[in-house]
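Structure assessment
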Amino acid sequence: MAAIAPAFADLLIDAMAEGVFSLDDKGRITLWNRAMKQITGYKADEVLGRSCSVLNFNRCLHRECPSGMLDCGIFEHGGVDAKSCMLRHKDGHDVPVVKSARVLKDREGRVIGVVETVTDMTALREAERRMAEAARRLREVHRLDNILGKSPGMQQVFRAIEAAAAGDATVLIEGESGTGKELVAGAIHYNGDRSEKPLVTVNCSALSESLLESELFGHVSGAFTGATRNRIGRFEEAHGGTVFLDEIGEVSPFIQVKLLRVLQQRTIERVGESKTRAVDIRVVVATNKHLFDLVRSGKFREDLYYRLKVFPIRIPPLRDRREDIPLLIDHFIHRQNKKTGKRIQGVTAEAMRLLMEYSWPGNVRELENAVEHAFVLAADHYIDVAELPVEIRWPADSLMSPNAHTYPSVGGPRPKLDRKRLTAELEACGWNKSEVARKTGYSRTAVWKYMKRWNIPLQPEASSDTSEPSSE
């Protein structure tokens, strides 16, 4: 094989992404490639002929970096393998690097110098810092005190989370959409012994049966059309940690059988192979349905149901814990203030009344969205009725009434009242004047005045039945 010409060898070294420099047997720098300039800030003519001590490596071999190569013991050891350390940049800041060194000898075995490679680890260290920060924030999000509630129902949930986090049993979380099931699952994981390992979340309703099987169990190359390489599944990915299966009530009977095996044996098989693989996982599942009703209707396996409900947790809907609404509103206002830079202090008394009376079919998630909606419109220090979402100001139950008026547009005019319409609204609301005022957009005082003007009684009278007499 022909020898590489010296000029070409210099070009190769200069083109390398890693920093490369060499020293003679006296410890003086003799070669300095372009990457070294980028890493250290020094040009070649600033360092050639100088000692390597100009770089101020903080470690060489197994000790603090001495004053120069002649004191570090490199000639006796013959080299340094991939040591993580710092060098001092020309402008004075420290640069994290990994360096390696090898002693150079001639054909007679005489030492003629040293060649060293330096890899800049700044980008990797920054990525590690961001990952650590993201992990810290994730733990902050899933802290137990981030699940807010002072109601008896939520206090019971807190006690259940603490008990579940202390063990390793399979947990079934039941609750309507928007109640915070994923937060509860995260709190169980991050407050338990598996907190340093992954929490892997899978939404079972978002994937078809075949895709969900591959997602959970993985597959081998050639298992199906498009499977061009091996892929580990979520169970293997979560090894040592927790798998959170959301919307477990949506899985097919075929997937139910495979899940039963995972829970019984803690083993899986990738799609397309027969090799059994052990997995060390905790399983937490959630559903917005009543699984036992699905069992009774034959849509969910009874044996799997009892495997899943080892430790059940039921999250109450927001309408059943209305005393938590002001606490949650304050929390979401604080979060939006930090996000938007606004200084909203709270909500007006009338707006709070509407928020407390609303049925919240979307639960806590809908409440959070309502506060975010109000922040878009709010120009004052307090959120008022006009800034609330339209469905809260004009609730859907009034639209379903057979005597309901036309659905108003946001900021549109109030519907015109007459005696017939007002009487119909009173009957639909059980003669609750405040409810009629809220639905029609008129004040409670105005409703009273109209009732007086049109001689409408304050309460329904027994003699006011105007139905046609029976023909019998």
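Just so it is clear, the structure is predicted and the values come from calculations on it, not from any experiment.

Quick notes on the rules
- Residues numbered from 1 in each chain as written.
- Predicted model: local features only at pLDDT ≥ 70, side-chain atom pairs only at ≥ 80, totals over all residues.
- Heavy atoms only, no water.
- Core = buried A, V, L, I, M, F, W, Y, C linked by side-chain atoms within 4.5 Å.
- Buried < 20%, exposed > 50% of the residue type's maximum accessible area, 1.4 Å probe, protein only.
- Helix = DSSP H or I, 4+ residues; strand = E, 2+ residues; numbered from the N terminus.
- Contact = heavy atoms within 4.5 Å.
- Axes fitted to C-alpha atoms, helices over the stretch in contact; angles between N-to-C directions.
- Parallel < 35°, antiparallel > 145°, perpendicular 65-115°, else oblique.
- Left-handed = near helix turned anticlockwise from the far one by under 90°.
- pLDDT = per-residue confidence, 0-100.
- Phe/Tyr/Trp six-rings, centres within 6.5 Å; stacked < 30°, edge-to-face > 60°.
- Lys NZ or Arg CZ within 6 Å of the ring centre and 35° of its normal.
- Salt bridge = Lys/Arg side-chain N within 4 Å of Asp/Glu carboxyl O.
- Pairing = 2+ DSSP bridges.
- Nonpolar A, V, L, I, M, F, W, Y, C, P; charged D, E, K, R; others polar.

1. Structural notes on the nonpolar core
Side chains of a nonpolar character, in soluble globular proteins, are inclined to be buried together. In terms of nonpolar packing, the biggest core is built from 30 residues, with Leu-216, Phe-235, Leu-245, Ile-248, Leu-259 and Phe-300 touching the most fellow members. Only β9 (199–203), α9 (209–217), β12 (242–246), α11 (253–265), β15 (282–287), α12 (291–296) and α13 (302–308) provide two or more residues apiece to this core. Ranked by residues supplied to this core, first place goes to α11 with five residues. When near neighbours in sequence (up to four residues on either side) are disregarded, Leu-216 contacts Val-202, Gly-233, Arg-234, Phe-235, Leu-245, Ile-255 and Leu-259.

2. Focus: the packing of α9 against α11
Interhelical geometry of α9 versus α11 gives an angle of 15° and a closest axis separation of 10 Å. In this view, α9 runs roughly parallel relative to α11, as classed from their interaxial angle. When you trace α9 past α11, the crossing you get is left-handed. Of the residues in α11, those touching α9 at Glu-209, Leu-212, Glu-213, Leu-216 and Phe-217 are Phe-254, Ile-255, Lys-258, Leu-259 and Val-262.

3. A look at unusual backbone geometry
One non-glycine residue with positive phi stands out, namely Trp-360, at about 50°. Looking at the element boundaries, Trp-360 is found in the loop between α15 (349–357) and α16 (363–377). Even without glycine at this site, Trp-431 takes up a positive phi of about 65°. Summarising the element assignment, Trp-431 is placed in the loop between α19 (419–428) and α20 (433–440). Judged by relative accessible area, Trp-431 falls into the buried class, the value being 13%.

4. Comments concerning the confidence of the model for the chain
Chain-level statistics for the chain give a pLDDT mean of 84 and a share of 84% at 70 or above. Note that residues 396–413 has pLDDT below 50 and, in this model, 25 contacts with residues that lie over four places away or in other chains. Low confidence marks residues 463–472, where pLDDT is under 50. Its contacts with residues over four positions away, or in another chain, come to zero contacts.

5. Comments concerning the packing of aromatic side chains
On inspection of all chains with the given rule, the structure shows six aromatic pairs. Ring geometry for Phe-292 against Tyr-305: centres 5.8 Å apart, planes inclined by 45°, an arrangement best described as tilted. Of the two residues, Phe-292 sits in helix α12 while Tyr-305 sits in helix α13, which places them 13 residues apart along the sequence. Through a chain of ring-to-ring contacts, the aromatic side chains of Phe-292, Tyr-305 and Tyr-306 assemble into a single cluster. Above the plane of the ring of Phe-57 lies Lys-99, whose end atom (NZ or CZ) is 4.0 Å from the centre. Lying across the ring of Phe-217, Lys-258 places its NZ or CZ 4.3 Å from the centre.

6. Re the pattern of salt bridges
Considering all chains together, one arrives at 26 salt bridges under this definition. Here Arg-321 and Asp-324 are joined by a salt bridge, their closest N and O atoms 2.9 Å apart. Each member of the pair, Arg-321 as well as Asp-324, is classed as buried.

7. A look at the sheet that holds strand β16 (residues 311–314)
Across the sheet, five strands lie side by side as β9-β12-β15-β8-β16; this open sheet has parallel pairing. Looking at which strands have only one partner, the edges of the open sheet turn out to be β9 and β16. Here the strands of the sheet are splayed against their neighbours by 20° on average, with no regard to which way each runs. Sheet topology places β9 next to β12; five bridges connect them, and they run parallel. Within β12, the position partnered with Val-200 by the bridge is Val-243. Of the strands in this sheet, β8 (171–174), β9, β12, β15 and β16 are in contact with helix α8 (residues 181–190), which crosses β8 at around 155°.

8. Some points on the packing of α15 against α20
When two helices pack together, their arrangement is given by the angle between the helix axes and the distance between those axes. α20 packs onto α15 with a crossing angle of 100° between their chain directions and a minimal axis gap of 12 Å. Relative to α20, α15 is oriented roughly perpendicular. Contacts from Arg-353, Leu-354 and Glu-357 in α15 reach Ser-434, Glu-435 and Arg-438 in α20. In terms of residue class, the contact of α15 with α20 is made up of one nonpolar, one polar and four charged.

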